[in-house]
Amino acid sequence: TEAIGLYNLGQSCCLNSLLQVFLMNIRFTRILRRITVPSSPAQRRSNVPYQMLLLLEKMQCGKCKAVGPTDLACCLSEHRVKLFVQHDAAQLFLTLWNLLKKQMKKPELVEELCDLYTICIQEHLACQKCSFEVKSNSTMLTLPLPVLDANSHRLKTLEDCLQYFFHPEELTGQNMCFCQQCGRKTTFLQSMRLVHLPQTLTLHLKRFCFERSSCTHKLSHYLPFPQELDLRQVLTESQCQADDSEKATWQYELFAVVAHSGSTSCGHYCAYIRSLTDCKWYCFNDSEVCQVLWDDVKCTYGHSSLNWTETAYLLFYMKKHPE
């Protein structure tokens, strides 16, 4: 019943933080406990869902304050996930999820995993010279939210970031598209519309800024995010492609924050997670786990003058009224 830490194997803070977010999610562990155990020892060693299940059991059965995720790390290295290097949490989250999805043999579990995490978006392209339109649906694991607008002005709240992500963009100049009806390249209006949201909604704050010089720097400015998020209040009707019954489920509570401190070249990750059993917040900092207050979580909002400060990077929201 206690929150258990994970030992740092050498620059494994990013992996540890993400594992804690996965394994503290009761809906995810319900899926994990129903996987098919691989038949041979070699298959078991290289199976990510099975190794994650073993780690979960080790954490729940052990009496230590922390356990080592060594076997899972070795399993991941067989799938070309590098050890002892700094990872980007958003990229590693996608890698882990894809490996889980690929190696879960039961179709019903894969479907449940997708229902738990994947977002459905409709991309809408409309020619501004005629009535030609193109619509296509796609799925995403995270919503990658800019923290700056097109003019490099800071967006002030999470709600601003969400509205900006779904704001229509005019494709002009070099970005013009070929219109089949006009028979030439024309100006198009591109917009993203929300079709379906999962039980666990993952938001990626794009705080690492890539410059033309191929250098990256971190955007640490203050950006608050709420404990409760109602997407119906944030987005307009034109930004949604969903019926009323779907939108009725778009009320969320913050479940976890993966925060980054330091710079792009030398940093550290930890996770703040709200326990679904006692509803208290905990900070998972590798092998150290301690109970914290909401005010401690709010410290990850960022600070303009402190570039090395701890800032939220991934936000995990959970539906208040699950389907």
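Quick note: structure is the one above.
Read on for a plain summary of the structure. The model shown is predicted, which means the values in this text are computed figures rather than measured ones.

### A look at the overall build of the protein chain
Check the secondary structure of the protein chain and you find 11 helices and 18 strands. Here the C-alpha atoms of the protein chain give a radius of gyration of 21 Å, agreeing with the 20 Å that 2.2 N^0.38 yields for 323 residues. Dimensions of the protein chain along its principal axes, counting C-alpha atoms only, are 65 × 50 × 40 Å. When the accessible surface of the protein chain is totalled, it reaches about 16,100 Å², and 50% of it is carbon and sulfur.

### Quick word on unusual backbone geometry
Look at Gln 11: it is not a glycine, yet its phi comes out positive at around 55°. Locating Gln 11 in the fold gives a position in the loop between strand 1 (5–6) and helix 1 (13–23). Even without being glycine, Cys 279 reaches a positive phi, approximately 60°. Exposure remark for Cys 279: the relative accessible area of 49% places this residue in the partly exposed category.

### A word on the sheet that holds strand 9 (residues 188–196)
One open sheet accounts for four strands, arranged 4-3-9-6; its pairing is antiparallel. The open sheet is flanked by strand 4 (133–140) and strand 6 (169–171), the only strands paired with a single partner. Here the strands of the sheet are splayed against their neighbours by 30° on average, with no regard to which way each runs. Sheet topology places strand 3 (residues 119–127) next to strand 9; eight bridges connect them, and they run antiparallel. Across the sheet, residue Gln 122 finds its bridge partner in strand 9, namely Arg 193.

### Brief notes about the side chain of Thr 311
One can find Thr 311 in strand 18 (residues 311–319). Judged by relative accessible area, which is 1%, Thr 311 ranks as buried.

### Focus: the side chain of Thr 187
By the element assignment, Thr 187 lies in the loop between strand 8 (184–186) and strand 9. With residues up to four places along the chain from it excluded, the contact list for Thr 187 reads Ala 126, Cys 127, Gln 128, Glu 170, Leu 171, Thr 172 and Met 176.

### Here we look at the pattern of salt bridges
On inspection of all chains with the given rule, the structure shows six salt bridges. A salt bridge links Arg 232 to Asp 230; its shortest N-O distance comes to 2.8 Å. Residue class for Arg 232 comes out partly exposed when judged on its relative accessible area of 35%.

### Here we look at the pairing of strand 18
Counting buried positions along strand 18 yields nine of nine residues, so the element is predominantly enclosed. Here five bridges tie strand 10 (residues 200–206) to strand 18, and the two strands are oriented antiparallel to one another. Of the residues in strand 18, the one forming a bridge with Leu 201 is Tyr 317.

### Observations concerning helix 8 (residues 158–165)
Here helix 8 has its buried residues at Leu 158, Cys 161, Leu 162 and Phe 165. In an axial view of helix 8, the angular spread of the buried residues amounts to 95°, which keeps them on one side of the axis.

### So, the environment of Glu 310
Along the chain, Glu 310 turns up in the loop between helix 11 (294–298) and strand 18. For the pair Glu 310 and Ala 259, spaced 51 residues apart in the sequence, the C-alpha separation amounts to 6.2 Å. Engagement of the side chain of Glu 310 in a polar contact is seen with the side chain of Tyr 272, the distance being 2.7 Å.

Rules used throughout
Residues numbered from 1 in each chain as written. Predicted model: local features only at pLDDT ≥ 70, side-chain atom pairs only at ≥ 80, totals over all residues. Heavy atoms only, no water. Helix = DSSP H or I, 4+ residues; strand = E, 2+ residues; numbered from the N terminus. Rg over C-alpha atoms; globule rule 2.2 N^0.38 Å. Areas by Shrake-Rupley, 256 points an atom, 1.4 Å probe, with all protein chains shown as cover. Buried < 20%, exposed > 50% of the residue type's maximum accessible area, 1.4 Å probe, protein only. Pairing = 2+ DSSP bridges. Axes fitted to C-alpha atoms, helices over the stretch in contact; angles between N-to-C directions. Contact = heavy atoms within 4.5 Å. Salt bridge = Lys/Arg side-chain N within 4 Å of Asp/Glu carboxyl O. Arc of directions from axis to C-beta. Polar contact = N/O pair within 3.5 Å; in protein donor to acceptor, adjacent residues only side chain to side chain.

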